[in-house]
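Residues per chain, in single letters:
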Amino acid sequence: YLQQPKGRLFQYTCDADLGDARCGLSLAAHTSIGTVIGVAGSSRVRVVGIVGMAAGVFARGVLAVSSGPASGFRVEGRSDTRSGPEIVLDLWQPVPPTLAPGAIVTVSAGCDKTLETCRIRFANATNFRGFPHMPGNDFVVSYARAGAAPRSSS
């Protein structure tokens with residue numbers, strides 16, 4: 001009973017998950033389908049066919065395998081790098097050994113849960129569920145000094 005959430009958590013970042021009902025964003029415009037062309041290391045996948053996604057948007061996104069023996073595998077992304085039509089996805093967990101070239105994957109963009117990303121990348125600032133103007137710890141523990149300019153909380 002004591003571990004059940006009651007109310008909201010007041011924090012700088014958004015507490016909604018990208019694409020959920022509270023976020024209100026449709027992930028369809030921020031998702032692309034590609035084909036695995038290789039696995040490089042235990043947690044790095046090479047993919048082609050990802051279109052319409054800018055570099056760097058895969059961080060905190062999701063890679064979902066939809067064909068082949070590894071079908072159903074889902075993992076959060078760490079980062080992405082591009083080299084021509086190929087994109088290399090770094091993942092937070094190792095991929096299953098059954099993930100082979102030719103597998104179809106769905107890649108969705110990620111969100112770092114800041115107001116700036118919500119506003120600029122997703123044009124969804126009206127649904128932001130954080131408190132970006134709340135003073136941080138550095139402001140709370142600071143003290144007044146004679147002759148010092150006033151500090152803002154942002």
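This one's a predicted model, so the numbers in the text were calculated from it and none came from an experiment. (Residues numbered from 1 in each chain as written. Predicted model: local features only at pLDDT ≥ 70, side-chain atom pairs only at ≥ 80, totals over all residues. Heavy atoms only, no water.)

**Focus: the sheet that holds strand 3 (residues 62–65)**
- As summarised here, the arrangement of the 6 strands in space is 1-2-5-4-3-6, forming a closed barrel in which the pairing is antiparallel. Strand-to-strand, the axes of this sheet are offset by a mean angle of 45 degrees, without reference to chain direction.
- Sheet analysis places strand 4 (residues 74–83) next to strand 5 (residues 86–91), joined by 6 bridges and oriented antiparallel. Its bridge partner being in strand 5, Asp-80 is matched across the sheet by Leu-89. (Pairing = 2+ DSSP bridges. Helix = DSSP H or I, 4+ residues; strand = E, 2+ residues; numbered from the N terminus. Axes fitted to C-alpha atoms, helices over the stretch in contact; angles between N-to-C directions.)

**A closer look at the packing of aromatic side chains**
- All told, the structure shown has 1 aromatic pair when counted by the stated rule.
- Ring geometry for Phe-10 versus Phe-131: centroids 4.7 Å apart, planes at 35 degrees, classification tilted. You can see Phe-10 sitting in the segment before strand 1 (31–39) and its partner Phe-131 sitting in the loop between helix 1 (115–120) and helix 2 (137–140), a full 121 residues away along the chain.
- Judged by relative accessible area, Phe-10 falls into the exposed class, the value being 57%.
- The ring of Trp-92 has Arg-78 lying over it, and the distance from NZ or CZ to the ring centre is 4.3 Å. (Phe/Tyr/Trp six-rings, centres within 6.5 Å; stacked < 30°, edge-to-face > 60°. Buried < 20%, exposed > 50% of the residue type's maximum accessible area, 1.4 Å probe, protein only. Lys NZ or Arg CZ within 6 Å of the ring centre and 35° of its normal.)

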